[in-house]
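# Commentary on secondary and tertiary structure
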Amino acid sequence: MSAFWSWWITLIALANILACVWLIRWTARKRPGEAAEHETTGHEWDGLSELNRPMPRWWLWLFYITIVFGLIYLVLYPGLGRFDGLLGWSQYGAWEEEVASMEERTAPLFAEYAKIPIPELARNDEAMQTGRRLFGNNCAVCHGADGGGRIGFPNIANDTWQWGGEPEEIYASILNGREAVMPGFGGAMDDEDVEATAAFVFHLSGRDAPEDLIQRGEETFGNFCAACHGPGGEGNKAMGAPKLTRDEWTYGGGMDSIMTTIRDGRRGRMPAQKDLLGEDRVHVLAAYVYSLSADEREDAGDAE
Ligand code: HEC
Ligand code: HEC
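Presented here is an overview of the structure given in this document. The model shown is predicted, which means the values in this text are computed figures rather than measured ones.

Rules used in this analysis
- Residue positions are counted from 1 within each chain, in the order its sequence is given.
- Each chain takes a letter, starting from A, and each ligand takes a number, starting from 1, following the order in which they are written.
- Under the rules for a predicted model, residues below a pLDDT of 70 receive no local features and side-chain atom pairs below 80 are neither given nor counted, while totals for whole chains, interfaces and linings still include all residues.
- Note that the side-chain values use all heavy atoms of the structure and ignore hydrogens as well as water.
- Sites may look incomplete, because water is not among the atoms used; the donor set itself consists of N, O and S atoms within 2.8 Å of the metal (3.2 Å for Na, K and Ca).
- Remark: exposure states derive from per-residue accessible area (1.4 Å probe, protein chains only) relative to the maximum for the residue type, with buried under 20%, exposed over 50%, and partly exposed in between.
- Only runs of H or I of at least four residues qualify as helices and only runs of E of at least two qualify as strands under DSSP, and these elements are numbered from the N terminus.
- A helix is expected to reach a length of 1.5 Å times the quantity of its residues less one.
- In this scheme, the bend at a residue equals the angle between the axes fitted to the seven residues that finish there and the seven that begin there.
- Residue contacts are counted whenever heavy atoms from the two residues lie within 4.5 Å of one another.
- What counts as a ring pair is set by centres within 6.5 Å for rings of Phe, Tyr and Trp (its six-membered ring), and what kind of pair is set by the plane angle: stacked under 30 degrees, edge-to-face over 60, tilted for all other angles.
- A ring is considered to have a charge above it if a Lys NZ or an Arg CZ atom is located within 6 Å of its centre and within 35 degrees of its normal.

## Describing the coordination of the iron atom of ligand 2
- Ligation of the iron atom of ligand 2 by protein atoms is provided by His-143 (NE2) and Met-270 (SD), these donors lying 2.0 to 2.1 Å from the ion.
- In this structure Met-270 comes out as partly exposed when scored by relative accessible area, which is 24%.

Laid out in structure tokens, this is it:
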């Protein structure tokens, strides 16, 4: 806050309090006097008229007390611009204290959970309730409350993974974050090549596209894309290149979205949670994420 705004707020706050003092004194002084005991305000309803009587003294004193309280409060606590208050209290400090005491109380619990292997922890209902809370507070903004993702943020509730779905891979994704880099090919390809490559991606994911485009696209895909996504679009978890054979998309699976991806590239970034949450909480979150795709994993296990 600049010095100007600091003074501005201080002045407004003090002026308001002074104005209250003045207002009370003014209304109190304007006592109608004992003579005018029965003076009315002129308001009348159904034969009842409102008397203009002075406020009771105790009521006035209540006002004065609140004003004094307000002034003392402003001396002790922050409130006047940049002035910190004599007690040195701050929202941030109070929050940190709360977090520290919370940390102290929950750390042993998380340390216990950290000893349990992720697949086993994923079947522990109590731990998963904690996991769901952590997920709601830290992950849902991007991945959605159910982990289903949205445009630009991957679905992590299914068993399709950019960086791998083994417990330790999920753990690493969360702990250290991930940075995906797909370069744009708008400079290297003309529009027709881009369209043909997109048509081939359609074909890879089991959808229809004009045969001639697919044929042309197969070639460009081999030249430009296979190095990362694999010749059959199977993906490569070492660099986070997604599988293109399942009709499931982070950036949208329509022709336009895929052409945009090819032209401009994509750079998804998963923020590292190590310094924010610590290893033990990340362990619980990894188990929670692992549990979200448990159904699909079992299906796949049966098939293989
Ligand atoms: C250098 C490696 C690399 C090359 C080459 C590459 N990609 Fe990618 N591609 C990636 C990565 C990594 C991602 C994930 C980007 C992200 O998550 O932000 C990606 C994402 C995509 C997506 C988005 C998938 C989704 O879920 O929405 C499509 C489609 C795609 N690539 C198609 C292609 C095509 C077609 C080519 C060839 C023209 C190509 N890629 C070349 C690495 C590559
Ligand atoms: C600021 C948004 C954001 C937040 C918050 C976030 N993520 Fe992510 N996350 C992403 C993006 C974007 C990616 C995809 C990175 C890429 O393109 O490879 C991702 C990727 C992942 C992956 C890897 C998915 C795969 O297919 O391999 C996992 C697992 C994951 N996130 C879990 C979490 C968990 C658990 C949390 C909460 C602690 C979280 N994320 C919080 C944006 C976010």
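## Some details on helix α9 (residues 211-229)
- Over its 19 residues, α9 runs only 22 Å from end to end, short of the ideal 27 Å by more than 12%, given 1.5 Å per residue.
- If you look at α9, its biggest bend is around 55°, right at Gly-222.
- For α9, the set of buried residues is Leu-213, Ile-214, Gly-217, Thr-220, Phe-221, Cys-225, Ala-226 and His-229.
- Backbone geometry just after α9 places Gly-230 at a positive phi near 85°.

## A look at the environment of Tyr-288
- In this fold, Tyr-288 is placed in helix α12 (residues 279-292).
- Here Tyr-288 falls in the buried class, since its relative accessible area comes to 6%.
- For the pair Tyr-288 and Leu-134, spaced 154 residues apart in the sequence, the C-alpha separation amounts to 9.3 Å.
- Those residues in contact with Tyr-288 that lie beyond four places of it in its chain are Met-128, Gly-131, Arg-132 and Phe-135.

## Things to note about the packing of aromatic side chains
- Applying the stated criterion across every chain yields a total of 15 aromatic pairs.
- Summarising the aromatic geometry, the rings of Phe-4 and Trp-5 are spaced 5.0 Å apart at their centres and angled 75° between planes, so their arrangement reads as edge-to-face.
- Classification of Phe-4 by relative accessible area gives exposed; the value is 51%.
- The class for Trp-5 is partly exposed, based on a relative accessible area of 47%.
- For the pair Trp-58 and Trp-59, a centre-to-centre distance of 5.5 Å together with 85° between the ring planes defines the contact as edge-to-face.
- Accessibility expressed as a relative area gives 36% for Trp-59, which makes it partly exposed.
- Among the aromatic residues, those joined into a cluster by ring pairs are Phe-69, Tyr-73, Tyr-77 and Trp-89.
- Directly above the aromatic system of Tyr-290 lies the positively charged group of Arg-297, at a separation of 3.6 Å from the ring centroid.

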